[in-house]
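Overview (structure and organization)
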Amino acid sequence: MAQTKKFENKVFKIFLIGSLLPLLIISAGSLYLEIQTGEKSISDTQNLALSNAVEKTQKFIGQKMEIFNLVVGFDAKKLSNMDAPALNYLINNLYQLTTPLEIIFADSDGQILGYKSAALTQTENNIYSRPDFISAISGKNYYGQIELINGKPAMRLASQIQNSNRENIGVISALIDLTQLSVSIGEINLGSSGTVFL
């Protein structure tokens with residue numbers, strides 16, 4: 001009887017190992033695949049949300065920059081040769097159209113010819129050595145770093161002003177309020193508790 005009991009125990013152990021071990025291996029494999037799939041799904045969702053944020057940002061900045069690419073209808077070699085009423089008209093209309101924190105019109109030598117801001121005070125007369133001017137006067141649009149100005153997210157954009165011969169005769173530099181973009185991006189959710197912010 002004792003041998004029968006030992007034999008039954010051995011058979012039972014073999015049965016347990018033979019039937020439960022594969023189930024444990026299958027369960028562990030399934031759990032691993034589930035975790036991997038879940039992580040991939042979360043990663044895909046995050047990538048989609050970030051892609052959406054990038055797209056919104058590019059569209060917003062692109063629309064602003066498109067407005068600043070100016071070609072003025074005269075042949076002068078310098079923006080300072082433009083008459084003051086026409087220059088003021090350009091500044092005021094661009095300011096109303098884009099509502100920047102600040103807008104600057106500078107001649108090709110960096111001399112500020114026009115300045116408008118509701119929130120900031122003009123502190124310089126020449127922007128020749130600033131990176132926005134250097135980039136724009138050389139024909140490359142400038143996109144600055146995001147910074148906080150009076151508690152608002154802002155970015156400096158600059159573009160060249162060209163005469164009718166497509167020669168660079170000046171620069172428009174504007175500090176753009178990004179609050180609207182920040183709110184729009186903030187509405188993008190990452191899962192149940194994550195958000196995107198500027």
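Report on the accompanying structure. (Residues numbered from 1 in each chain as written. Predicted model: local features only at pLDDT ≥ 70, side-chain atom pairs only at ≥ 80, totals over all residues. Heavy atoms only, no water.)

Let us now look at the packing of aromatic side chains. Counted under the stated rule, the structure contains one aromatic pair. Taking the ring centre of tyrosine 95 as reference, the NZ or CZ of lysine 116 above it sits at 5.3 Å. (Phe/Tyr/Trp six-rings, centres within 6.5 Å; stacked < 30°, edge-to-face > 60°. Lys NZ or Arg CZ within 6 Å of the ring centre and 35° of its normal.)

Right, let's talk about the pattern of salt bridges for a bit. By the definition in use, this model includes eight salt bridges. Here lysine 78 makes a salt bridge to aspartate 107, at a shortest N to O gap of 3.8 Å. Separated by 29 residues along the polypeptide, lysine 78 in the loop between strand S1 (70–71) and helix H2 (84–98) and aspartate 107 in strand S2 (residues 102–107) bring together distant segments of the chain. Assessed through its relative accessible area of 2%, aspartate 107 is described here as buried. The closest approach of N and O atoms between aspartate 177 and lysine 152, which form a salt bridge, is 3.7 Å. Residue aspartate 177 is located in strand S6 (residues 168–177), and its partner lysine 152 is located in strand S5 (residues 152–162); the two are separated by 25 residues in the primary sequence. (Salt bridge = Lys/Arg side-chain N within 4 Å of Asp/Glu carboxyl O. Helix = DSSP H or I, 4+ residues; strand = E, 2+ residues; numbered from the N terminus. Buried < 20%, exposed > 50% of the residue type's maximum accessible area, 1.4 Å probe, protein only.)

Mapped onto the elements of the fold, arginine 130 is located in the loop between strand S3 (112–116) and helix H3 (131–137). Only 3.4 Å separates the side chain of arginine 130 from the side chain of serine 173, close enough to count as a polar contact. Residues within four places of arginine 130 in sequence aside, it is in contact with Ile104, Glu124, Arg156 and Ser173. (Polar contact = N/O pair within 3.5 Å; in protein donor to acceptor, adjacent residues only side chain to side chain. Contact = heavy atoms within 4.5 Å.)

On to the nonpolar core. Ranked by size, the top nonpolar core spans 26 residues in total, and within it Phe68, Ile103, Phe105, Ile161 and Ile172 carry the most contacts. Put simply, the parts of the chain that give this core at least two residues each are helix H1 (2–68), H2, S2, S5 and S6. Per-element accounting of this core gives the leading share, five residues, to H2. If near-sequence neighbours (up to four positions away) are discounted, isoleucine 172 is found in contact with Phe68, Leu70, Leu94, Ile103, Ile104, Phe105, Leu157, Ala158, Ser159 and Ile161. In this structure, Ile104, Ile112, Ile127 and Ala158 belong to the second largest nonpolar core, which totals nine residues. (Core = buried A, V, L, I, M, F, W, Y, C linked by side-chain atoms within 4.5 Å.)

In this structure, threonine 99 is a non-glycine residue whose phi angle is positive, near 40°. Tracing the backbone through its elements, the reader meets threonine 99 in the loop between H2 and S2. The exposure class assigned to threonine 99 is exposed, which follows from its relative accessible area of 55%. One non-glycine residue, asparagine 150, adopts positive backbone phi at about 50°. Using a relative accessible area of 58% as the deciding quantity, one classes asparagine 150 as exposed.

Take the pairing of S5 next. In summary, the side chains of a regular strand alternate between the two faces of the sheet. Counting buried residues in S5 gives ten out of eleven residues, a clear majority hidden from the surface. Where S1 meets S5, two bridges bridge the pair, whose relative direction is parallel. In the sheet register, valine 71 faces S5, and the bridge partner there is glutamine 162. Pairing of strand S4 (residues 142–149) with S5, which is carried by six bridges, proceeds in the antiparallel orientation. Within the sheet, the bridge partner assigned to tyrosine 143 lies in S5 and is leucine 157. Hairpin connection from S4 to S5: two residues lie between these consecutive antiparallel strands, with asparagine 150 at a positive phi of about 50°. Sheet topology places S5 next to S6; nine bridges connect them, and they run antiparallel. When the bridges of S6 are listed, alanine 158 appears paired with serine 173. Connecting S5 to the antiparallel partner S6 that follows it, the hairpin turn spans five residues, and arginine 166 within it adopts a positive phi of roughly 65°. (Pairing = 2+ DSSP bridges.)

Function-wise, these values are silent; they only describe arrangement.
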